[in-house]
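Residue-level structure breakdown
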Amino acid sequence: MTSSIGSRVVAHALLIIGIVIVAFPIYYVFVASTHSLREILNPPLPLIPGDQFLHNYYEAIFGGVRRIGGVSATRLLVNTTIVGLCVAIGKIVISILSAYAIVFFRFPFRMTFFWMIFITLMLPVEVRILPTYKVMVQLHLIDTFGGLILPLIASATATLLFRQFFMTIPAELVEAARVDGAGPWRFFFDILLPLSKTNIAALFVILFIYGWTQYLWPLLVTNSNDMNTIIIGLKKMISFADADTQWHLVMVTCILAILPPILVVVLMQRWFVKGLVESEK
Amino acid sequence: MATISLHDVKKSYGRTEVIHGIDLDVTDGEFIVIVGPSGCGKSTLLRMVAGLEAISAGTIEIGGRVVNDLEPRERDIAMVFQNYALYPHMSVYDNMAYGLKIAGLSKPAIRERVDAAARMLELEPYLGRKPKALSGGQRQRVAMGRALVRQPAAFLFDEPLSNLDAKLRVQMRLEIKSMQRNVETTSLYVTHDQVEAMTLADRLVVMNAGHAEQIDTPLNVYRTPATTFVAGFIGSPAMNLMPATVAANGKGLELDGGGTVKPRDTVLPENGRKVFLGVRPEHLSPVDEFNADLKLAVRAVETLGADTLAHGRLADGGATGSEMVVRLPGTSAVKPDEVLPLAIEPGTAHLFDRENGKRMEA
């Protein structure tokens, strides 16, 4: 590094400003979650955490949220975790298998299928939301995990990513495996899957957060409070009149809602970055 | 250990035929090198034997068993690829053991075979490493080890040395040869490098544009090339081929590039026949003008140390004389723009029919 001290200072200052801009709202939510309702409603809100941390979190987790949202925060978290995990894992399983079929097998209408998958990229969820809802109703999947998860479980993007990755695998490697006697399944599990590890990890992070933060679809497909995800629960806790809203509990729920995705990112960061950066095989 | 026989093997992609009927019988333990320029179909032929490409016509037998419709793993062969094709996520040990594991061998049996191969290829210190942590030569050895442990009926090599640097290539060439001698496994080896071909092969298959132009021992291919293609492909620098016509009255050959020549100890065909006269650069020697068969107007001189190559044209043909190369001893003092009188060593001239490029034997 030959950069001068001056330019290093400027660079760091810019980075710090960036971090502050991104992190401040989250910090403010945390601050609000540690004050009493009265203090929150009486502006300005202090910039340092208050003394109600234990009280607020205890109340929110053990009953408070149930009183205002209908179900406990734990239930909301469990629901959302199930949805997030199933969506992420389901998307990965389905897309890696379809990419495997498209790249390594020759079958009639192979390219037709590829283009069908590709074209769905152009249709946002909102466009097909009514027919999808109708199908869910007819399959009696309203207010079930099936209904929450299944419509979100196919991913054209992930299929394309795996396809691109699989196409970089040298043909000789596939042939070596054939000569070694590996059939299609063995090749998939012994060679393809281990080589895709980092890609899978990166996708898992992205897709888990995608599943966790779903709003529109869970809102439509759940009626019972028991099946709400935490994002929906959060919305339901906010009533129209400001004074009726238990803001301190809402803030606690907010923190609870962003904690798991942050944990996933932090714990899988090494893999995540590797999966995005790594190209050499 | 097994014989391999190819009978009228053809390959077409759509309506384009790329391999036009190859016949080849490989005896048990023989080392066959398939050599040819790129695009001649040599790799395709090997991949057809391996079962990686379907056969359009003909039959391939390995060990007396027709394998046309068998999967690679059922053919009892092992293959070494140009880019090694090692599994990047497996250790050297696992790379070698993978095929055996699939074949259902017991763990101790696998260990025994891998250890034996590792000892033979001096890979023992690297068994725990990933391919990424190995040099090119070591990776190539692992690829060979992977083939070796299978104890197959035949080894198939697809240009295994072309990714290595020159020095390593020579070393690995010797190792492959001694490994093959050791285990006496029938081998097919594809290369475009004629030195590899000459040094490794028990017999050579010289391929051109989907045909096997000649199948013979390296020395026979060198001494009696069957066609002008083989003559030009095997030997470096390439054989000089000069268009000529058989002159009347036994005067010898009238060169289209100017002058006449009567190679000694060579029986000429009937008068008026249009031929190519082939002379290897190493079979021409400088003589005094009186004894010269040919005169070379030297244009450029390459000094290689041991040898000196003189490039030029036939002096009698002027600017349109046939191009020629002569290999002279390294001590030769030849300079550009000299005229070099040359004699063809007795019995070393080759004659090819100008119509079809085939060798003419008297």
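Above this text is the structure in question.
Quick summary incoming for the structure in this document.

What counts and what doesn't
Residues numbered from 1 in each chain as written. Chains lettered and ligands numbered in written order. Predicted model: local features only at pLDDT ≥ 70, side-chain atom pairs only at ≥ 80, totals over all residues. Heavy atoms only, no water. Helix = DSSP H or I, 4+ residues; strand = E, 2+ residues; numbered from the N terminus. Rg over C-alpha atoms; globule rule 2.2 N^0.38 Å. Buried < 20%, exposed > 50% of the residue type's maximum accessible area, 1.4 Å probe, protein only. Contact = heavy atoms within 4.5 Å. Areas by Shrake-Rupley, 256 points an atom, 1.4 Å probe, with all protein chains shown as cover. Core = buried A, V, L, I, M, F, W, Y, C linked by side-chain atoms within 4.5 Å. Axes fitted to C-alpha atoms, helices over the stretch in contact; angles between N-to-C directions. Parallel < 35°, antiparallel > 145°, perpendicular 65-115°, else oblique. Left-handed = near helix turned anticlockwise from the far one by under 90°. Nonpolar A, V, L, I, M, F, W, Y, C, P; charged D, E, K, R; others polar. Patch = residues over 30% accessible without salt bridge, like charges linked within 9 Å, V, L, I, M, F, W, Y side chains within 5 Å. Salt bridge = Lys/Arg side-chain N within 4 Å of Asp/Glu carboxyl O. Lys, Arg positive; Asp, Glu negative; His and termini not counted. Charge placed at Lys NZ, Arg CZ, Asp CG, Glu CD. Pairing = 2+ DSSP bridges.

Considering the overall build of chain A
- From N to C terminus, chain A includes 15 helices and 0 strands.
- Taking 2.2 N^0.38 as the reference for a compact globule, 281 residues should give roughly 19 Å; the C-alpha atoms of chain A span a radius of gyration of 24 Å, well beyond that estimate.
- The C-alpha extent of chain A, read off along each of the three principal axes, is 75 × 65 × 30 Å.
- Counting every position in chain A, which comprises 281 residues, the buried fraction comes to 41%.
- Contacts in chain A between residues far apart in sequence, at least 24 positions, make up 70% of those at least 6 positions apart.

Focus: the overall build of chain B
- The secondary structure content of chain B amounts to 8 helices and 20 strands.
- C-alpha atoms of chain B, sized along the principal axes, occupy 75 × 45 × 35 Å.
- Scored against the burial criterion, the 362 residues of chain B give a buried share of 50%.
- In the structure as shown, chain B presents an accessible area of about 15,900 Å², 48% of it carried by carbon and sulfur atoms.

What about the nonpolar core?
- Phe166 and Ile191 of chain A together with Leu6 and Ile60 of chain B are the most contacted members of the largest nonpolar core, which totals 87 residues.
- Take this core: its biggest share by element is 9 residues, from helix α14 (residues 247-267) of chain A.
- Ignoring any residue separated from it by four or fewer positions in sequence, one finds Phe166 of chain A in contact with Ile96, Ala99, Tyr100, Val103, Phe104, Leu192 and Ser196 of chain A.
- Counting residues in hydrophobic clusters, the runner-up holds 43 residues, among them Val142, Val149, Tyr189 and Leu200 of chain B.

Description of unusual backbone geometry
Residue and element names in this part refer to chain B.
- The amide bond that connects Ser236 to the next residue, Pro237, takes the cis arrangement and shows omega of -5°.
- Positionally, Pro237 belongs in the loop between α8 (228-233) and β11 (240-246).
- A positive phi is found at Asp76, a non-glycine position, where the angle reads about 60°.
- With respect to the helices and strands, Asp76 occurs in the loop between β5 (65-66) and β6 (77-80).
- Assessed through its relative accessible area of 36%, Asp76 is described here as partly exposed.

Observations concerning the packing of helix α4 (residues 73-104) of chain A against helix α8 (residues 156-167) of chain A
All names here are of chain A.
- Between α4 and α8, the least distance of the axes is 8 Å, while the angle of their chain directions is 45°. With respect to their mutual orientation, α4 and α8 come out oblique. Remark: the crossing between α4 and α8 carries right-handed chirality. Between α4 and α8, the residues in contact are Ile92, Ser95, Ile96, Ser98, Ala99, Tyr100, Ile102, Val103 and Phe104 and Ala158, Thr159, Phe162, Arg163, Phe166 and Met167, respectively.
- Partitioning the contact of α4 with α8 into residue classes produces 11 nonpolar, 3 polar and 1 charged.

Quick look at a positive patch on the surface
- On the surface, a cluster of positive charge is made up of Lys197, Arg270 and Lys274 of chain A together with Lys130 of chain B.
- The topology assignment puts Arg270 of chain A in helix α15 (residues 269-277).
- Using a relative accessible area of 58% as the deciding quantity, one classes Arg270 of chain A as exposed.

Some points on the environment of Met90 of chain B
- Mapped onto the secondary structure, Met90 of chain B falls in the loop between β6 and α2 (92-103).
- Classification of Met90 of chain B as buried rests on a relative accessible area of 9%.
- Distance in space between the C-alpha atoms of Met90 of chain B and Gly347 of chain B is 57 Å, their sequence separation being 257 residues.
- Once residues within four sequence positions are removed from consideration, Met90 of chain B is found in contact with Asp190 and Ile191 of chain A together with Asn95, Tyr98, Arg129, Lys130 and Pro131 of chain B.

Quick notes on the packing of helix α11 (residues 197-212) of chain A against α14 of chain A
Residue and element names in this part refer to chain A.
- Running from amino to carboxyl end, α11 crosses α14 at an angle of 170°, the nearest separation of the two axes being 9 Å. In terms of orientation, α11 and α14 fall into the roughly antiparallel class. Residues Phe204, Val205, Phe208, Ile209 and Trp212 of α11 form the contact with α14, whose own contacting residues are Leu256, Ala257, Pro260, Pro261, Val264 and Val265.
- For the contact of α11 with α14, the residue count by class is 11 nonpolar, no polar and no charged.

Quick word on the sheet that holds strand β16 (residues 294-303) of chain B
All names here are of chain B.
- Ordered in space as β15-β19-β16-β17-β18, the 5 strands form an open sheet in which the pairing is antiparallel. Each of the sheet's edge strands pairs with one partner strand only, and the pair in question is β15 (284-286) and β18 (323-329). Going from strand to strand, the sheet's axes swing by 50° on average, the running direction of each strand aside.
- Taken together, the 3 bridges between β15 and strand β19 (residues 339-344) define a ladder with antiparallel strand orientation. Among the inter-strand pairings, Leu284 is bridged to a residue of β19, identified as Ile344.

A look at the pattern of salt bridges
Residues and elements named next belong to chain B.
- This structure, assessed with the given rule, holds 19 salt bridges over all chains.
- Across the pair Glu53 and Arg47 runs a salt bridge, and its minimum N-O distance is 3.3 Å.
- In this structure Glu53 comes out as buried when scored by relative accessible area, which is 17%.
- Of the charged contacts, one joins Arg313 and Glu323 as a salt bridge, the two residues approaching to 3.3 Å between their closest N and O atoms. Note that Arg313 is positioned in strand β17 (residues 307-314) and Glu323 in strand β18, a separation of 10 residues in sequence.

Geometric descriptors of this kind do not, in isolation, establish any biological role.
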